[in-house]
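In case you want the letters, here they are:
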Protein chains: 2
Amino acid sequence: MKIAPKTSAPETSSKLLDIVIERLKTSGGRMTKKRERVLGALFTMDRPASAEEIRKRAEFPESDLVTVYRNLETFEKLGMLQRVPLENGTHLFELTAPDEHYHHLICRECHKAERLDICVTHELIDKAKSQGYSQIAHVMEVYGICEECAKH
Amino acid sequence: MKIAPKTSAPETSSKLLDIVIERLKTSGGRMTKKRERVLGALFTMDRPASAEEIRKRAEFPESDLVTVYRNLETFEKLGMLQRVPLENGTHLFELTAPDEHYHHLICRECHKAERLDICVTHELIDKAKSQGYSQIAHVMEVYGICEECAKH
DNA sequence: GCCCCTAATGAAAGTCTATTTCATTTCATT
DNA sequence: AATGAAATGAAATAGACTTTCATTAGGGGC
């Protein structure tokens with residue numbers, strides 16, 4: 001399956017679902033029953049969730065966790081799914097608008113993550129404090145391919 | 001081993017090593033030969049490194065990776081070590097000034113991480129671009145204990 | 001210097017998220 | 001319906017990190 005390059009398509013009034021389906025077709029992907037259920041699960045979530053939570057929400061047997069992972073990977077490559085890193089090295093997953101990405105306020109204990117609409121560190125922390133969060137920590141890391149690696 | 005509360009001690013001219021040792025003693029910890037080697041490794045690093053890299057630098061046999069992890073955990077609890085999350089869910093580690101923390105510019109390929117002195121997202125990205133990084137992505141997440149969890 | 005308590009270590013097994021392999025099934029296009 | 005590639009299922013694997021438990025060794029008190 002080839003994955004389409006990330007184009008900032010003109011934002012029409014079509015829903016996220018339509019965009020996903022369109023991108024899927026464009027890239028040679030198919031809409032299967034399982035994939036529909038995973039998508040459905042992602043759509044009903046109001047916050048990022050773990051692969052395991054998504055499996056349950058899609059009403060898949062435990063053995064189908066691998067299908068969830070594979071679908072998440074697909075949506076990620078389509079530029080419509082974001083991986084939210086937790087402090088323990090695991091991830092939550094969430095559908096996004098095309099090629100968008102979000103930041104979150106994440107409970108260190110229950111891992112509930114809620115989306116934030118600001119993107120500046122001290123504002124984020126103020127926001128967290130004002131919402132009653134304690135023991136606040138944050139990560140902000142920039143990833144990229146360095147010039148040296150880009151040559152190879 | 002009890003861990004001392006994070007106090008912002010008045011910044012004297014004492015070196016980082018002295019501070020680590022002092023905090024260690026205060027919290028009931030000991031300075032062992034192995035710990036000295038791990039600390040030594042951390043001190044000679046000019047950038048965050050993986051536990052495995054630290055093991056090599058400390059000239060430990062492979063079986064002592066667990067000792068590295070345990071020491072990293074100790075230093076982290078002392079408020080003098082930061083875990084830098086990578087995109088793949090693993091971490092790099094780096095000594096920090098007491099209760100400080102840093103952000104980094106990390107190569108998505110070789111995982112080389114260099115410290116940044118700015119803390120605002122768009123500035124970070126501009127900096128990354130100006131340094132020739134490509135395929136730039138970043139994470140900025142805020143972690144904390146939510147009010148609900150704090151009650152339990 | 002010697003005791004003694006407790007922290008730290010060593011070895012090995014265990015956890016857990018996530019990925020890979022490969023045979024089989026299923027989609028969607030012709 | 002036939003066909004070729006994509007998706008799935010089952011099971012094994014990867015890999016970072018943790019835990020258990022017996023043993024060793026700091027370092028304060030004497």
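Refer to the preceding data block for the structure.
Source: prediction; values computed, not measured.

S.K.: Quick question: what am I supposed to make of the relation of the copies chain A and chain B here?
M.R.: Here the second copy of the chain follows from the first by a rotation about an axis and a shift along it. With an RMSD of 0.1 Å, the operation that places chain A on chain B is a rotation of 180° combined with a shift of 0.1 Å along the axis. In symmetry terms, the pair is related by a two-fold rotation axis. Measuring from the rotation axis to each C-alpha of chain A, the shortest distance belongs to A:Met140, at 1.8 Å. A shared binding surface is used by both copies, with 100% of the interface residues of chain A retained as interface residues in chain B.

S.K.: When you look at the environment of B:Thr74 in this model, what are you seeing that I'm missing?
M.R.: Residue and element names in this part refer to chain B. Residue placement: Thr74 occurs in helix 4 (residues 65–77). Taking the number of C-beta atoms within 10 Å as the measure of exposure, Thr74 has 20 and is therefore buried. Each C-alpha atom, one on Thr74 and one on Gly29, is 8.7 Å from the other, the two residues being 45 residues apart in sequence.

S.K.: Would you take a moment to explain the protein's contact with DNA strand C for this structure?
M.R.: Near DNA strand C lie 26 residues; those nearest to it are A:Arg30, A:His91, B:Gly29, B:Lys34 and B:Ser63. If you list the elements that add at least two residues to the surface near DNA strand C, you get helix 4 (65–77) of chain A together with helix 2 (33–44) and helix 4 of chain B. Looking at the surface near DNA strand C element by element, the count peaks at five residues for helix 4 of chain B. Split into classes, the residues belonging to the surface near DNA strand C amount to six nonpolar, 12 polar and eight charged.

S.K.: When you look at the environment of A:Ile54 in this model, what are you seeing that I'm missing?
M.R.: Residue and element names in this part refer to chain A. Tracing the chain through its elements places Ile54 in helix 3 (residues 51–57). Remark: the alpha-carbon pair of Ile54 and Glu94, spanning 40 residues in sequence, is separated by 9.9 Å. Setting aside residues no more than four positions away along its own chain, Ile54 makes contact with Val38, Ala41, Leu42, Ala49, Val68 and Phe93.

S.K.: Looking at this model, I keep getting lost on the protein's contact with DNA strand D. Mind explaining?
M.R.: Close contacts around DNA strand D come from 24 residues, with A:Gly29, A:Lys34, A:Ser63, B:Met31 and B:His91 the closest. Where the surface near DNA strand D is concerned, the elements lending two or more residues are helix 2 (33–44) and helix 4 of chain A together with helix 4 of chain B. Residue contributions to the surface near DNA strand D peak at four residues, all from helix 4 of chain A.

S.K.: Just to check I follow, could you spell out unusual backbone geometry for this structure?
M.R.: Excluding glycine, most residues fall at negative phi; most peptide bonds, likewise, are trans. Look at A:His111: it is not a glycine, yet its phi comes out positive at around 65°. By the secondary structure assignment, A:His111 is in the loop between strand 3 (103–107) and strand 4 (113–116). The backbone phi angle of B:Glu59 is positive, close to 60°, even though this residue is not glycine. Inspection of the secondary structure assignment puts B:Glu59 in the loop between helix 3 (51–57) and helix 4. When the 10 C-beta atoms within 10 Å are taken as the criterion, B:Glu59 is described as exposed.

S.K.: How should helix 4 of chain B be read in this particular structure?
M.R.: Since the α-helix advances by 3.6 residues per turn, residues separated by three or four positions end up pointing in the same direction. Residue and element names in this part refer to chain B. Between its first and last C-alpha atoms helix 4 spans 19 Å; for 13 residues at 1.5 Å apiece the expected length is 18 Å, and the two agree. Within helix 4, burial applies to Val68, Asn71, Thr74 and Phe75. Axial view of helix 4: buried residues confined to an arc of 125°, hence all on one face. Residues of helix 4 that are exposed and point over 90 degrees away from its buried face: Val66 and Glu73. A positive backbone phi angle near 75° is found at Gly79, which sits one or two residues after helix 4.

S.K.: Explain the interface of chain A and chain B here, please?
M.R.: In many reports, interface size means the accessible area that the parts give up when they come together. With 39 residues of chain A at the contact, the number on the chain B side is 39 residues. Those elements that provide at least two residues to the side of chain A that touches chain B are strand 1 (81–85), strand 3, helix 5 (121–130), strand 5 (134–145) and helix 6 (147–151) of chain A. With 12 residues, the single largest contributor to the side of chain A that touches chain B is strand 5 of chain A. Looking at the side of chain A that touches chain B residue by residue, the classes come out as 22 nonpolar, 11 polar and six charged.

S.K.: Help me understand the pairing of strand 2 (residues 91–95) of chain A in this model?
M.R.: Consecutive side chains along a regular strand alternate between the two faces of the sheet. Residues and elements named next belong to chain A. Two strands pair when backbone bridges link them, and strand 1 and strand 2 are joined in this way by five bridges, in the antiparallel orientation. Bridge pairing in strand 2 places Gln82 opposite Glu94. The antiparallel hairpin formed by strand 1 and strand 2 contains five residues in its connecting segment, where Gly89 sits at a positive phi of about 95°.

Quick notes on the rules
- Residues numbered from 1 in each chain as written.
- Chains lettered and ligands numbered in written order.
- Predicted model: local features only at pLDDT ≥ 70, side-chain atom pairs only at ≥ 80, totals over all residues.
- Least-squares fit on C-alpha atoms with pLDDT ≥ 70 in both.
- Contact = placed C-beta atoms within 7 Å.
- Helix = DSSP H or I, 4+ residues; strand = E, 2+ residues; numbered from the N terminus.
- Buried ≥ 20, exposed ≤ 12 C-beta atoms within 10 Å, placed from the backbone.
- Near = placed C-beta within 6 Å.
- Nonpolar A, V, L, I, M, F, W, Y, C, P; charged D, E, K, R; others polar.
- Expected span 1.5 Å × (residues − 1).
- Arc of directions from axis to C-beta.
- Pairing = 2+ DSSP bridges.

Purely geometric stuff here, so don't read any function into it on its own.
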